[in-house]
Amino acid sequence: MTKSRANRLRIIGGEWRSRLLPFPDVQGLRPTTDRVRETLFNWIQQDIVGARCLDLFSGSGALGFEALSRGAASVVLTEKNGKAALQLTENAELLKAKNAEIYQAEALYWLDHWSVESSAAFDLIFLDPPFGQDLLQDCIDRIDRQGLLKPNAWVYIESELALADMRLPSSWRLHREKRTGQVMSRLFRSE
């Protein structure tokens, strides 16, 4: 099956720079744009090499695969939609990304069942839930309750502008933020 250029994302930096990866037509799937990814990875460039990452609501895998391309040690990608999860697996195989773990699971369920005792906590979590579904606060609460962040870890949140009143853990400090159209990108440090 041939994908149109519109159904491809481009890795913008690192080992797989300029590689195009297909993603399926799935309602609500909106890959993080090149411009936003470039800004985010400029913000965290000193900390991405060797990082253990979690890409919740992976969708196209734009954030997770970009992190691996730029030297992250590993990335866990979770995606609820079966077609999108299958494409993530195929893209990981295409890239020979043995350090990508892909789970077809609803993010809140995955967060409730992930055990930090059996796995290392994360250096960086990408949190980009579907807009308009009120998932962000539940994810933040579970990440904090489950202790999924290492000391001085990063949390990147991409959300619609209307979600300005998030209740954040007291240890999270806003490091950077940027508005692009109707999307707000925020980077927090867990202290």
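Residues numbered from 1 in each chain as written. Predicted model: local features only at pLDDT ≥ 70, side-chain atom pairs only at ≥ 80, totals over all residues. Heavy atoms only, no water.

Chemist: So what exactly am I meant to see when it comes to helix α2 (residues 62-69) here?
Modeler: Residues three or four positions apart in an α-helix share a direction because the helix packs 3.6 residues into each turn. For α2, a buried count of eight out of eight residues is recorded, marking the element as mostly surrounded by other parts of the structure. Among all positions of α2, only Ala62, Leu63, Gly64, Phe65, Glu66, Ala67, Leu68 and Ser69 are buried. Looking one or two residues beyond α2, the residue adopting positive phi is Gly71, at roughly 110°. (Buried < 20%, exposed > 50% of the residue type's maximum accessible area, 1.4 Å probe, protein only. Helix = DSSP H or I, 4+ residues; strand = E, 2+ residues; numbered from the N terminus.)

Chemist: Whenever I open this one, the environment of Phe131 confuses me. Can you help?
Modeler: The topology assignment puts Phe131 in the loop between β6 (122-127) and α5 (136-146). For the pair Phe131 and Val36, spaced 95 residues apart in sequence, the C-alpha separation works out to 16 Å. Here Phe131 is in contact with Arg30, Glu158, Ser159, Glu160 and Val183, once residues within four sequence places are set aside. (Contact = heavy atoms within 4.5 Å.)

Chemist: Sorry if this is basic, but what is going on with the pattern of salt bridges here?
Modeler: Two side chains bearing opposite charge may form a pair once their charged atoms approach each other closely. By the definition in use, this model includes 11 salt bridges. Put simply, Asp112 and Arg142 hold a salt bridge, and the shortest N to O gap is 2.8 Å. Of this pair, Asp112 sits in helix α4 (residues 107-113) while Arg142 sits in helix α5, placing them 30 residues apart in sequence. Here Arg167 makes a salt bridge to Asp141, at a shortest N to O gap of 3.7 Å. Of this pair, Arg167 sits in the loop between β7 (149-160) and β8 (172-180) while Asp141 sits in helix α5; the two residues are 26 residues apart in sequence, bridging distant segments of the chain. With relative accessibility at 28%, the residue Asp141 sits in the partly exposed group. In this structure, a network of salt bridges that share partners links the residues Arg10, Asp34, Arg37, Glu38, Glu66 and Arg70. (Salt bridge = Lys/Arg side-chain N within 4 Å of Asp/Glu carboxyl O.)

Chemist: Could you clarify how one ought to interpret helix α3 (residues 82-95) in this entry?
Modeler: Its 14 residues place the ends of α3 20 Å apart at the C-alpha level, agreeing with the 20 Å of an ideal helix rising 1.5 Å per residue. Those residues of α3 that sit buried are Ala84, Ala85, Gln87, Leu88, Asn91, Ala92 and Leu95. The buried residues of α3 occupy one face: seen down the axis, they fall within an arc of 160°. Every exposed residue of α3 that faces more than 90 degrees away from the buried side is listed here: Lys83 and Glu93. Buried residues in α3 make contact with β2 (20-22), α2, β4 (74-79) and β5 (100-104). If you check the start of α3, you find a side-chain oxygen 2.9 Å away from the backbone N of Lys83, and it comes from Asn81. (Expected span 1.5 Å × (residues − 1). Arc of directions from axis to C-beta. Polar contact = N/O pair within 3.5 Å; in protein donor to acceptor, adjacent residues only side chain to side chain.)

Don't take any of this as a statement about function, it's just geometry.
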